[in-house]
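Summary of structural features
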Amino acid sequence: MPSEFPQSLVRPAIRALAPYSTARDESEGGYDVYLDANESPYGASGLNRYPDPRWRSLRAAVGRQFDAAPEQIFLGNGSDEAIDLLYRVLCTPGRSNTVSIAPTYGMYGVAAAINGVEMREVPLKPGFGLPADDILQACDAQTAIVWVCSPNNPTGNAFPLDQLRRLAEAVPGILVVDEAYADFSGQSLLPELVRFPRLVVLRTFSKAWGLAGARLGMAFAHPDLVEYMCRVKYPYNVNLLTQRAAMQALGEPDRVRREVALTVSERRRVAEALQSNLEILDVYPSDANFLLVRVADAAATYRSLAGKGIIVRRRDNLPMCQGCLRLSIGTPEENNKLLQALTTTQQ
Ligand SMILES: *Cc1c(COP(=O)(O)O)cnc(C)c1O
């Protein structure tokens, strides 16, 4: 198994915590008569029983799909739960700090503020490159977590694995690499998880796996860190309907592969079409399922598209994103409507 996890990285109050144990944590299943959890025995909906708090079958299936040991896998109510739990497990409010790139996914900063943790934002290099040296310089002895999203939301680019490996070795606390869009980039640090005991890789069922409405996120990490996250989470944090939906999706990897391939080919087609559109000043290279584009007047283009029934994401208030809109890649028909609408705003 992996090398040693430094327990000193865990917030003392959490290290001292005795985990809350549910009736179902203590039983391994396989009984005939369940009279341990005060549930209704009448189950027309099939939902009368509590879900497995340790998600045993789903965790095993996720492990097979992503080639990880069950003990390395945390499952949460979206990646957002894992993000929040990492703060609660690793940071002491008013004392720890955390470092992220900018611009990036907003949730790292929101969760830092909620948890009373200082967020230090390090601007990307021109061209959206990873500022590895600046990140390390922003860290000090109180830096508990460094957040890097790759491919990055909203810029769309993936950072070279070599640079991420270097950070995984050099940051003082935990490096979290959020790979929510890795299915579209074809590169991941996940196969190397065991080499880096202080690395956490986040993945999600919300994007390529098509289950945003079910809320299921994954954190892959050293088993000790996963165990601390499990101590802090709500006992039944992934509901039964979600566990079933994810099991079903994991049984259809070929469908997901086809959808990812279509999205990647549509991404290329839409990018090329936008490059020859005079209103689009820049189309940034993307390794994800969206394109960041720059226009002269983001508010005007946004309003014009909205007037035609197409909603996109304004990102023009973020650092380095002046005039930028983020366009998700839809079905070929939806993408045609977007391209058509953008052509006619030119007149
Ligand atoms: C969409 C997204 C997620 C997914 O969050 P969920 O809570 O799992 O839906 C995570 N990280 C980034 C950067 C995202 O863009």
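The model shown is predicted, which means the values in this text are computed figures rather than measured ones. (Residues numbered from 1 in each chain as written. Predicted model: local features only at pLDDT ≥ 70, side-chain atom pairs only at ≥ 80, totals over all residues. Heavy atoms only, no water.)

1. What about the packing of aromatic side chains?
- Counting across every chain of the model gives eleven aromatic pairs.
- Ring geometry for Tyr-31 and Tyr-34: centres 6.2 Å apart, planes at 90 degrees, overall edge-to-face.
- Pairing Tyr-50 with Tyr-236 gives two aromatic rings, centres 4.4 Å apart and planes at 15 degrees, and the pair type is stacked. Of this pair, Tyr-50 sits in the loop between helix 2 (23-26) and helix 3 (56-66) while Tyr-236 sits in the loop between helix 9 (223-232) and helix 10 (240-250); the two residues are 186 residues apart in sequence, bridging distant segments of the chain.
- The class of Tyr-50 is partly exposed, set by a relative accessible area of 41%.
- An aromatic cluster is defined as three or more aromatic residues linked by ring pairs; in this entry it consists of Phe-66, Phe-205, Trp-209 and Phe-220. (Phe/Tyr/Trp six-rings, centres within 6.5 Å; stacked < 30°, edge-to-face > 60°. Helix = DSSP H or I, 4+ residues; strand = E, 2+ residues; numbered from the N terminus. Buried < 20%, exposed > 50% of the residue type's maximum accessible area, 1.4 Å probe, protein only.)

2. Topic: the sheet that holds strand 8 (residues 280-283)
- With antiparallel pairing, four strands are arranged side by side in an open sheet as 8-9-11-10. The open sheet terminates on both sides in strands that have one partner only, identified here as strand 8 and strand 10 (313-314).
- Strand direction decides the pairing type here: strand 9 (residues 290-295) and strand 11 (residues 324-328), joined by five bridges, are antiparallel. Across the sheet, the residue bridging to Arg-294 is Cys-324, located in strand 11.
- Set on the sheet, helix 11 (residues 253-275) makes contact with strand 8, strand 9 and strand 11; between it and strand 9 the angle comes to about 10 degrees. (Pairing = 2+ DSSP bridges. Contact = heavy atoms within 4.5 Å. Axes fitted to C-alpha atoms, helices over the stretch in contact; angles between N-to-C directions.)

3. Here's the deal with the sheet that holds strand 5 (residues 174-178)
- Ordered in space as 1-7-6-5-4-2-3, the seven strands form an open sheet in which the pairing is mixed. Edge positions in the open sheet fall to strand 1 (73-76) and strand 3 (118-123), since each of these has one partner strand only. Between one strand axis and the next, the sheet turns by 20 degrees as a mean value, whatever way the strands run.
- For strand 5 and strand 6 (residues 199-204), the ladder comprises four bridges, and the chain directions are parallel. Looking across to strand 6, one finds that Val-176 is bridged to Val-200.

4. Considering helix 3
- Along helix 3, the positions that sit buried rather than exposed are Leu-58, Arg-59, Ala-61, Val-62, Gly-63 and Phe-66.
- The inward-facing, buried residues of helix 3 abut strand 1, strand 6, strand 7 (217-220), helix 9 and helix 10.
- After helix 3 finishes, the residue Asp-67 shows a positive phi value of roughly 60 degrees.

5. Considerations on helix 4 (residues 79-90)
- Between its first and last C-alpha, helix 4 extends 16 Å over twelve residues, near the 16 Å set by a 1.5 Å rise per residue.
- Burial runs high along helix 4: nine of the twelve residues are buried.
- By the burial criterion, the buried members of helix 4 are Ser-79, Glu-81, Ala-82, Ile-83, Leu-85, Leu-86, Tyr-87, Val-89 and Leu-90. (Expected span 1.5 Å × (residues − 1).)

6. Focus: the site of the ligand
- Lining the immediate environment of the ligand, one finds 14 residues, of which Tyr-181, Thr-204, Ser-206, Lys-207 and Arg-215 sit closest.
- Residue Ser-206 places a side-chain N or O atom 2.6 Å away from an oxygen atom belonging to the ligand.
- For the ligand, the protein covers 93% of the area, taking 390 Å² as the surface of the free molecule.
- Residues belonging to the shell around the ligand are distributed by class as follows: five nonpolar, five polar and four charged. (Near = heavy atom within 4 Å. Polar contact = N/O pair within 3.5 Å; in protein donor to acceptor, adjacent residues only side chain to side chain. Areas by Shrake-Rupley, 256 points an atom, 1.4 Å probe, with all protein chains shown as cover. Nonpolar A, V, L, I, M, F, W, Y, C, P; charged D, E, K, R; others polar.)

7. Considerations on the state of the cysteines
- Per the counting criterion, the structure on display carries zero disulfides.
- Left unpaired, Cys-230 is separated from the closest cysteine sulfur, that of Cys-91, by 18 Å. (Disulfide = S-S within 2.5 Å.)

8. Notes on the pairing of strand 3
- Relative to strand 3, strand 2 (residues 97-102) runs parallel, the two being bridged by six bridges. Following the sheet pairing, Asn-97 is matched in strand 3 by Glu-118.
- In this view, the connection linking strand 2 to its parallel neighbour strand 3 by way of helix 5 (residues 107-114) has right-handed handedness. (Right-handed = clockwise from strand over helix to strand, strands pointing away.)

9. Quick word on the pairing of strand 5
- Most of strand 5 is tucked away: five of the five residues are buried.
- Across five bridges, strand 4 (residues 143-149) lies against strand 5 in parallel orientation. Bridge pairing links Ile-145 to Ile-174 in strand 5.
- With respect to chirality, the unit in which strand 4 leads through helix 7 (residues 161-170) into the neighbouring parallel strand 5 is right-handed.

10. Concerning the nonpolar core
- By size, the foremost hydrophobic cluster in this structure holds 91 residues, and its most contacted members are Val-62, Tyr-87, Trp-147, Phe-220 and Leu-225.
- Considering every element that reaches this core, the biggest residue donor is helix 4, with seven residues.
- What Leu-225 contacts, discounting residues up to four positions off in sequence, is Phe-5, Leu-86, Val-89, Leu-90, Ile-174 and Val-200.
- Of all hydrophobic cores here, the second largest spans 19 residues; its members include Val-283, Val-295, Leu-305 and Val-312. (Core = buried A, V, L, I, M, F, W, Y, C linked by side-chain atoms within 4.5 Å.)

11. Quick notes on the side chain of His-222
- Relative to the elements of secondary structure, His-222 occurs in the loop between strand 7 and helix 9.
- A residue is classified by how much of its surface remains accessible, and His-222, at 9% relative accessible area, is buried.
- For His-222, the side chain forms a polar contact with the main-chain nitrogen of Asp-224, separated by 3.0 Å.

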